[in-house]
Amino acid sequence: MRKQTEYLVIGIGIASILFAIYGVIRGGELIDASSGIIIGAALIGTVFIERNRKNKPE
């Protein structure tokens with residue numbers, strides 16, 4: 001994965017988490033926001049897993 005793509009995926013993940021939290025603050029239900037938080041965390045986690053796999057010697 002190229003660096004630009006990694007930054008884009010991390011940005012989308014952070015935005016997803018922030019918008020989910022914003023929805024809860026504005027009066028939404030936590031259960032509705034949980035999907036946004038899970039998706040954001042999964043996107044960010046995927047980038048870090050790919051980085052670690054790429055840097056490991058075989």
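Residues numbered from 1 in each chain as written. Predicted model: local features only at pLDDT ≥ 70, side-chain atom pairs only at ≥ 80, totals over all residues. Heavy atoms only, no water.

J.: What am I meant to see in the overall build of the protein chain here?
T.: Within the protein chain, the secondary structure is distributed over two helices and zero strands. Computed over C-alpha atoms, the radius of gyration of the protein chain comes to 14 Å, more than 25% over the 10 Å expected from 2.2 N^0.38 for 58 residues, which places it beyond the range of a compact globule. In terms of overall dimensions, the protein chain has C-alpha extents of about 50 × 20 × 10 Å along its principal axes. Considering the protein chain as a whole, with its 58 residues, one finds that 19% of them fall into the buried category. Contacts spanning at least 24 positions in sequence make up 67% of the contacts within the protein chain whose residues lie at least 6 apart. Total accessible area on the protein chain is roughly 4,600 Å²; 66% of this is exposed by carbon and sulfur atoms. Looking at the protein chain, you have 7 positive and 5 negative side-chain charges, and the mean spots of the two groups are 10 Å apart. (Helix = DSSP H or I, 4+ residues; strand = E, 2+ residues; numbered from the N terminus. Rg over C-alpha atoms; globule rule 2.2 N^0.38 Å. Buried < 20%, exposed > 50% of the residue type's maximum accessible area, 1.4 Å probe, protein only. Contact = heavy atoms within 4.5 Å. Areas by Shrake-Rupley, 256 points an atom, 1.4 Å probe, with all protein chains shown as cover. Lys, Arg positive; Asp, Glu negative; His and termini not counted. Charge placed at Lys NZ, Arg CZ, Asp CG, Glu CD.)

J.: Sorry if this is basic, but what is going on with the environment of Ile44 here?
T.: Structurally, Ile44 is set in helix α2 (residues 30-55). Here Ile44 falls in the buried class, since its relative accessible area comes to 18%. A C-alpha to C-alpha distance of 13 Å links Ile44 and Lys3, two positions 41 residues apart in sequence.

J.: Looking at this structure, I do not really get the side chain of Glu6. What am I missing?
T.: Within the element layout of this structure, Glu6 appears in helix α1 (residues 3-25). The residues contacting Glu6, other than those within four sequence positions of it, are Met1, Val47, Arg51 and Lys54.

J.: I would appreciate a short explanation of α2 in the present structure.
T.: One turn of the α-helix equals 3.6 residues, which is why residues spaced by three or four share an orientation. Over its 26 residues, α2 extends 37 Å from the first C-alpha to the last, a length consistent with the 38 Å expected when each residue adds 1.5 Å. All of the buried residues in α2 are Ala33, Gly36, Gly40, Ile44 and Val47. Structurally, α2 contributes buried residues whose contacts are with α1. (Expected span 1.5 Å × (residues − 1).)

J.: For this particular structure, what's the right way to read the packing of α1 against α2?
T.: Direction vectors running N to C along α1 and α2 enclose 160 degrees, while the axes themselves pass 8 Å from each other. With respect to α2, the axis of α1 lies roughly antiparallel. Here α1 runs over α2; the crossing is left-handed. Contacts between α1 and α2 involve Glu6, Tyr7, Val9, Ile10, Ile12, Gly13, Ile14, Ser16, Ile17, Ala20 and Val24 on the former and, on the latter, Leu30, Ala33, Gly36, Ile37, Ile39, Gly40, Ala41, Leu43, Ile44, Val47, Arg51 and Lys54. For the contact of α1 with α2, the class distribution of residues is 16 nonpolar, four polar and three charged. (Axes fitted to C-alpha atoms, helices over the stretch in contact; angles between N-to-C directions. Parallel < 35°, antiparallel > 145°, perpendicular 65-115°, else oblique. Left-handed = near helix turned anticlockwise from the far one by under 90°. Nonpolar A, V, L, I, M, F, W, Y, C, P; charged D, E, K, R; others polar.)

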